[in-house]
Amino acid sequence: MKAKSISLGGKRFGLYISKEMIARRVRELGREINHDFEGKTLVLLCVLNGSFIFAADLIRSLKIDCEFQTISAKSYGDLMESSGGVEISGLGEGIIGGKDILIVEDIVDTGNTMAALVNFLEKLSPLSINICSLLHKPELLVNEINIKYLGFTIPPRFVVGYGLDCAGKGRQFPDIYALTGSDTK
Ligand code: 5GP
């Protein structure tokens, strides 16, 4: 029986996207990616930490040839608002050049993180870069970001679970929860 609400750091979060809905959408995204990259080798670039569960599910829905790599991008710290600055680290050498890259992200909010990531990766001469994001809050977008594979569009509410955290906690919940009450961002 799944929890209808959870409490993290004194804040209450209500069930928002069930694990069943997530699983269905991940399968659909996998089908699209299988179709678009048939006959090619795709490098899934999982953006840590938030995307580790999504990327693990997504790669298991793929039948095409694929590799798995990770990169770290930090933008939020312990706050629930985008800080603007993005720190990118942890990418091994020779991973990007001449390859088809699929950035696998948990959520695109202002787009600052994704814009910084794409800018960083483009300098490493990939064959192509595409973006797959589980969630997107278009109302807060301040950058032009083309999310080719998108799980769900959501309003500007702070969400946790399925890899997404609140001050480091809550990543382990299989469902996604949204902050409730007047303070929903
Ligand atoms: P952006 O740079 O697009 O504003 O923010 C992207 C990053 O902020 C995401 O990778 C994620 O780490 C974090 N983020 C944005 N919105 C949320 C949210 O609602 N919940 C959580 N847990 N993280 C978020």
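Quick look at the structure, then. These numbers come from a predicted model, not from an experiment. (Residues numbered from 1 in each chain as written. Predicted model: local features only at pLDDT ≥ 70, side-chain atom pairs only at ≥ 80, totals over all residues. Heavy atoms only, no water.)

**What about the site of the ligand?**
Taken together, 18 residues surround the ligand, and among them Thr110, Thr113, Lys137, Val159 and Asp165 come closest. Lysine 137 places a side-chain nitrogen or oxygen 2.7 Å from an oxygen atom of the ligand. Between the ligand and the protein, one listed contact pairs a nitrogen atom with a backbone N or O atom of valine 159 at 2.7 Å. About the coverage of the ligand: the protein hides 92% of its 510 Å² of free accessible area. When residues of the shell around the ligand are traced back to their parent elements, those giving at least two are strand E6 (100-108) and helix H3 (112-122). Broken down by element, the residue count for the shell around the ligand peaks at four residues, all from E6. (Near = heavy atom within 4 Å. Polar contact = N/O pair within 3.5 Å; in protein donor to acceptor, adjacent residues only side chain to side chain. Areas by Shrake-Rupley, 256 points an atom, 1.4 Å probe, with all protein chains shown as cover. Helix = DSSP H or I, 4+ residues; strand = E, 2+ residues; numbered from the N terminus.)

**Overview of the sheet that holds strand E1 (residues 5-8)**
Strands pair in a sheet through their backbones, by hydrogen bonds, and they do so in one of two ways: parallel or antiparallel. With antiparallel pairing, four strands are arranged side by side in an open sheet as E1-E2-E10-E9. Looking at which strands have only one partner, the edges of the open sheet turn out to be E1 and strand E9 (159-160). Pairing of E1 with strand E2 (residues 11-17) involves four bridges; the strand directions are antiparallel. The residue of E2 that forms the bridge with isoleucine 6 is phenylalanine 13. (Pairing = 2+ DSSP bridges.)

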